[in-house]
Each structure stands twice: as C-alpha cells, then as structure tokens.
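# Examining the three-dimensional arrangement
Take a look at the letters that make up each chain.
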Amino acid sequence: MAKKKIEALEEVKKNYVRMALETGNYSSVARKAGIDRTTLKRWIQEYEDEVREQMEDPASSILSAEPTKEELKAKYEQAMRLLGEKELEVAMLRNLLKKNQFRP
C-alpha cells in the first residue's frame, strides 16, 4: 500500500532540506528538526532537485548589495506572507497531532 503524503508535512521537510543545503550543516539542522541525520539525508535525496530549483528562483533570491526601498518592501511583504503560511502549517500540524493522539 502506497503511503499517502500530507502536503503540509512535505513542505516542512523541504524547508529543512533547504536549511541544510544553505548552511551545509546537516547535523545542526537535523537537531533543530528533532530527527536523525540519516533521516535528513534521505529527505535531501528525495527533495534536493526541487529545493535547489526553488533556491535559484529570482523571487526567493537574496537582496542585492545595496537594496532599494522597493526591494526591501517587496522582500518584507514576501517574508510576511511566508511567515503567515508557516504559522498556518504549524497550526495544521498541531491539529493533526491532537487528532492522532486520541485514536486507539
């Protein structure tokens, strides 16, 4: 039987993969995620191509050396949207955990 993937969990995994790829410190990222380093490596194998593609997207790029006010505002708005999405994901995951705790 194939495992059903939960989209919110997949996004969380991809975020940890991105952190690992950006920092190069797999052990630290694995500790932050509360998982074993080998689990993180498995996630990297699964999602690396997709995450690297997202990292190369100009919309998610780092600011220029001397960003304009408009660039800063756009990045701020993007960050706020992402923060809202992450807060929603956390709330969804908490609800899933609560529901699964009461199952026999």
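Scroll up to find the structure this text is about.
Conventions and cut-offs
Residues numbered from 1 in each chain as written. Predicted model: local features only at pLDDT ≥ 70, side-chain atom pairs only at ≥ 80, totals over all residues. Heavy atoms only, no water. Helix = DSSP H or I, 4+ residues; strand = E, 2+ residues; numbered from the N terminus. Buried < 20%, exposed > 50% of the residue type's maximum accessible area, 1.4 Å probe, protein only. Contact = heavy atoms within 4.5 Å. Areas by Shrake-Rupley, 256 points an atom, 1.4 Å probe, with all protein chains shown as cover. Axes fitted to C-alpha atoms, helices over the stretch in contact; angles between N-to-C directions. Parallel < 35°, antiparallel > 145°, perpendicular 65-115°, else oblique. Nonpolar A, V, L, I, M, F, W, Y, C, P; charged D, E, K, R; others polar. Salt bridge = Lys/Arg side-chain N within 4 Å of Asp/Glu carboxyl O. Expected span 1.5 Å × (residues − 1). Patch = residues over 30% accessible without salt bridge, like charges linked within 9 Å, V, L, I, M, F, W, Y side chains within 5 Å.

Bringing the overall build of the protein chain into the picture now. The number of helices and strands found in the protein chain is 4 helices and 0 strands. Buried residues in the protein chain amount to 18% of all 104 residues. For the protein chain, the share of sequence-separated contacts (at least 6 apart) that also reach a separation of at least 24 residues comes to 54%. With the model as given, the accessible surface of the protein chain reaches about 8500 Å², and the carbon-plus-sulfur share is 55%.

In this section: the packing of helix H1 (residues 7–23) against helix H3 (residues 37–56). Running from N to C, H1 and H3 point in directions that differ by 80°, and their axes come no closer than 8 Å. Overall, the two elements H1 and H3 adopt an arrangement that is roughly perpendicular. Each of Glu10, Lys13, Lys14, Tyr16, Val17, Arg18, Ala20, Leu21 and Glu22 in H1 lies in contact with H3, whose residues at this interface are Leu40, Trp43, Ile44, Glu46, Tyr47, Glu48, Glu50, Val51, Arg52, Gln54 and Met55. Taken together, the residues of the contact of H1 with H3 sort by class into 10 nonpolar, 1 polar and 9 charged.

Quick look at the pattern of salt bridges now. Using the criterion set out here, one finds 6 salt bridges in the structure. Between Glu10 and Lys13 there is a salt bridge, with the nearest N and O atoms lying 3.6 Å from each other. Of this pair, Glu10 and Lys13 are both found in helix H1, 3 residues apart, which corresponds to roughly one turn of the helix. One salt bridge connects Glu48 with Arg52, and the closest N-O pair in it is separated by 2.9 Å. One end of the pair is Glu48 and the other is Arg52, both in helix H3 and 4 residues apart, which spans about a single turn. Judged by relative accessible area, which is 25%, Glu48 ranks as partly exposed.

Its 33 residues place the ends of helix H4 (residues 69–101) 48 Å apart at the C-alpha level, agreeing with the 48 Å of an ideal helix rising 1.5 Å per residue. Looking at the buried side of H4, the elements it contacts are H1.

It is worth spelling out a nonpolar patch on the surface at this point. Residues Ile6, Leu9 and Leu96 make up a contiguous nonpolar surface patch of about 200 Å² in total accessible area. Counting through the fold element by element, Leu96 comes out in helix H4. Overall, the relative accessible area of 31% leaves Leu96 in the partly exposed class.

Over its 17 residues, H1 extends 24 Å from the first C-alpha to the last, a length consistent with the 24 Å expected when each residue adds 1.5 Å. Of the positions making up H1, those classed as buried are Ala8, Glu10, Lys14, Val17, Arg18, Ala20 and Leu21. Packing partners of the buried residues in H1 comprise helix H2 (26–33), H3 and H4.

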